[in-house]
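Spelled out, the chains give:
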Amino acid sequence: MSARAARFTRIEKPDLTGAAASWLALLTLAIVASILSSDFLDKQNLLNIGRQAAPLAVVALGQTIVILCGGIDVSVGAVMSLTTVVVSTEMNSDPSMVIPAVLLVLVLGAAIGLANGFFIAKVGTDPFVTTLAAMLIISGAALVYTQGSPTNGLTTGFRQISEGELLGIPASIFFAAGAFALAWFLLRRTVWGRSIYAIGGNMRATYLSGRRTGLVQATAYLASSLFAVVAGLLLAARIGTGAVSAGSGFELESIAAALIGGTAFGGGRGRISGTIAGVLILVVLFNLVNLLGLPSQLQQIVRGAVIVLGVAAYSRRAATGS
Amino acid sequence: MSAERTLTRRVRSVGGRVRAHRAANRWIGPLWVWGVLIALYILAVYTVPEFATFDNFKNILKQAVPLAIVSIGQTAVIIQGGIDLSVAAVMSMGDTLTMGIMNGGSGSILFAIVAPLGIGVLIGAANGLVVSKTAAPAFIVTLGAASIVQGAVFWYTHSAPYGAPSLSFGQLGFKEYGPLPALVVLFIPILVVSLLVQNRTRAGRHAYAVGDDDQVAARSGVNVTRVKVATFALSGFFAALAGIAVATRTGSGEPLAGTGFDWDSIAAVVIGGAILVGGRGSIGGTMAGVLIIALIENAMTLKDVSPFWQSTVKGVIVLIAVVIAAMTAKDTLRRLLQWRPMDAFRPRRAGPPPAAPGRGGAPA
């Protein structure tokens, strides 16, 4: 097989090793967890893990898309926080305002994502710094908007998207599954998705092959922002309030989940099923330290150690060596 | 032959401009950043009441010292192509550990300063080792380290203000040597040594080489791992030192003393002309970035602007800085300065065109 054919095959069908290794690690972890804590396999605990994993899974899927095209989005945590405060303030306990409030945050998220994409793809700014600036701007805006106090205006109907159950399974899991199906379709069944992989593999070659790299890159940030908004909605429904710090930490955890799931930092390689495994690994570990009753300070230490060790062990080099 | 002479002349003149440009850049950073600082200062003098006093000037400098110290280490890491998001937690460690060891005067001041610095170096070196030995990106490793260190600080302090300064140490933050605050005077030698290390030592040059292209640096005989570990260790050292500097102004160790310094130090470095892929940036430029941030915070406080706006304003400044960096990377002057005239003498080889469209899109 010629080198060119080999490369083409790799783009068409990324190797399974990254994602498969992560699922294997998750399985091992689950076995260890069920030995360490008898409550782990309890049905209620498993549903709880699902409920906790749903927002992280949704935001991590968007993050994976951005990382696959060679970028990074550290503004997703701030977008989630903004979503929780705006949606709960605008809803103001009025059931008729649910849909307008949700549409408003989706529009806000789209605007933020397009702004990120414009600067990164068209002006050529550094993705990390650009989304960092967006993070600072958004969290300042959220503070000014709420004057720093938490907001309570979510209707009970809205909270059903996380608290409600369908066939005994929390509704938020269905939302996460829907987000997964959408991301899978976009990445695997559209030209746009193939272009994401191609840009992450070699931006210049993709450009010279006639793809509109700037547009694809910009829309990747749009997608990431919109996924973050949906994650923010699920988070707001779960915690029942809007807070300016609700989403902090999700930027780190979403990136960690994608990398632990075998997506290469720098782009071009990875699959979203791996990201789901990465999310579950993180949430199961956080759940485990909770079940073991460790003090909260120690929990924070374990969280940090898990992320460093997980990313260090599972990180893969990007498709283009350099 | 006349064509050759013209070329030689052009090589010389471009070479001269490159040297002048680089010399200025090395020591004080991009001139436009200092221009922005001066413009902001003049603007504040005319629009902010009580801004234009010598006391306030000293105040800005004094407030800027901790951020300036952290940002020196952050500059070293970013020049080398990494990033250090653990500095905020390491600062909190420096602050609380110093206070805890001094414990109101019962402990040794020397040990209270040396111990946090040593731990800072160890944390930084650990970061550097993980970053250089695995494929894990620096910001994830250091953010994870931040979580670990911050958890340890909460454990040590039981999540409450902790310890107290010795009398002489506690006065340092309010003392003045001559016309300037003691902290500012003590900072000057640190800055001078850092500038000399950046510009006049092999280690400083190596950091730029690794940041520009670590594979080329490795093939040129640079020990890349050592450079990376050293810069991260330096960043841990300076972050702990900044925590100690904060401690000279407060009555007890604050477990969240460093909050916000991670993003602020990166903002200062980026405003100062560095790029996150590495190879560019300078301590001088970073100092201008630090002063811009300190000046804006000071002016906003004097103007009674809600502190909630501060984050947004900083974000806008960072965005402007990164846009300007992207534009200057494209502009003709820089292309001229990066033009390597000697390439004309190399034999042409078949293959892809050497000019890549920059590294746009590739993250740090």
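### Structural notes on the overall build of chain B
Scanning chain B from terminus to terminus reveals 15 helices and two strands. Every one of the 364 residues in chain B was classed for burial, and the buried ones make up 45%. Long-range pairs, those at least 24 residues apart, make up 80% of the contacts in chain B between residues at least 6 apart in sequence.

### Some thoughts on the confidence of the model for chain B
A low pLDDT means the predicted coordinates there should not be read in detail. All names here are of chain B. Considering every residue of chain B, the mean pLDDT works out to 83; 84% of them sit at 70 or more. When pLDDT is averaged over each element of chain B, helix H11 (residues 224-247) comes out on top at 94 and helix H15 (residues 332-338) at the bottom at 50. Across residues 350-364, confidence stays below pLDDT 50; counting only partners more than four residues off in sequence or on other chains, it has 24 contacts. Scored as a complex, the prediction yields pTM 0.83 and ipTM 0.82.

### Section: the interface of chain B and chain A
Taken together, the 46 residues of chain B in the interface contact 46 residues of chain A. Listed by contribution, the elements that provide at least two residues to the side of chain B that touches chain A are helix H6 (138-157), helix H12 (261-271) and helix H14 (308-330) of chain B. When grouped by side-chain class, the residues that make up the side of chain B that touches chain A number 31 nonpolar, 13 polar and two charged.

### Let's talk about H12(B)
Taken across its eleven residues, H12(B) has eleven buried, putting it largely inside the fold. Of the residues making up H12(B), those classed as buried are Phe261(B), Asp262(B), Trp263(B), Asp264(B), Ser265(B), Ile266(B), Ala267(B), Ala268(B), Val269(B), Val270(B) and Ile271(B).

### Side note on H6(B)
For the α-helix, the turn length of 3.6 residues means that residues three or four positions removed from each other point alike. Residues and elements named next belong to chain B. Helix length check: H6 (20 residues) gives 28 Å between terminal C-alpha atoms against 28 Å at 1.5 Å per residue, within 8%. Along H6, 18 of the 20 residues are buried, which leaves the element largely enclosed by surrounding structure. Within two residues after H6, His 158 carries a phi angle of roughly 55 degrees, on the positive side.

### Examining unusual backbone geometry
Residues and elements named next belong to chain B. One non-glycine residue, His 158, lies in the positive phi region at around 55 degrees. Take His 158: it is sitting in the loop between H6 and helix H7 (167-172). Take His 158: there are 10 C-beta atoms within 10 Å of it, and that puts it in the exposed class. In this model, Asp 304 sits at a positive phi of 65 degrees, which is unusual for a non-glycine residue. On the neighbour-count criterion, Asp 304 (7 C-beta atoms within 10 Å) is exposed.

### Concerning the nonpolar core
Nonpolar side chains tend toward joint burial in soluble globular proteins. Counting 198 residues, the largest nonpolar core has Val58(A) and Val318(B) as the members making the most contacts within it. At 17 residues, helix H11 (residues 213-239) of chain A tops the list of elements feeding residues into this core. Not counting the four nearest positions on each side in its chain, Val58(A) is found in contact with Phe175(A), Ala176(A), Ala179(A), Phe227(A), Val230(A), Ala231(A) and Leu234(A).

### What to know about the packing of H12(B) against helix H13 (residues 283-302) of chain B
Residue and element names in this part refer to chain B. At their nearest, the axes of H12 and H13 sit 7 Å apart, and the two run at 125 degrees to each other. Classified by the angle their axes make, H12 and H13 are oblique. Classified by chirality, the crossing of H13 by H12 is right-handed. Contacts between H12 and H13 involve Asp 264, Ala 267, Ala 268, Val 269 and Ile 271 from the former and Thr 286, Gly 289, Val 290, Ile 292 and Ile 293 from the latter. Its residues assigned to classes, the contact of H12 with H13 comprises seven nonpolar, two polar and one charged.

### Side note on the confidence of the model for chain A
Residues and elements named next belong to chain A. With 93% of its residues at a pLDDT of at least 70, chain A reaches an overall mean of 83. Averaged pLDDT values for the elements of chain A fall to 48 in helix H1 (residues 3-12) and rise to 91 in H11. Overall, residues 1-10 carries pLDDT values under 50, and its contacts beyond four positions in sequence, including any with other chains, amount to one contact.

What counts and what doesn't
Residues numbered from 1 in each chain as written. Chains lettered and ligands numbered in written order. Predicted model: local features only at pLDDT ≥ 70, side-chain atom pairs only at ≥ 80, totals over all residues. Helix = DSSP H or I, 4+ residues; strand = E, 2+ residues; numbered from the N terminus. Buried ≥ 20, exposed ≤ 12 C-beta atoms within 10 Å, placed from the backbone. Contact = placed C-beta atoms within 7 Å. pLDDT = per-residue confidence, 0-100. Nonpolar A, V, L, I, M, F, W, Y, C, P; charged D, E, K, R; others polar. Expected span 1.5 Å × (residues − 1). Core = buried A, V, L, I, M, F, W, Y, C linked by C-beta atoms within 7 Å. Axes fitted to C-alpha atoms, helices over the stretch in contact; angles between N-to-C directions. Parallel < 35°, antiparallel > 145°, perpendicular 65-115°, else oblique. Left-handed = near helix turned anticlockwise from the far one by under 90°.

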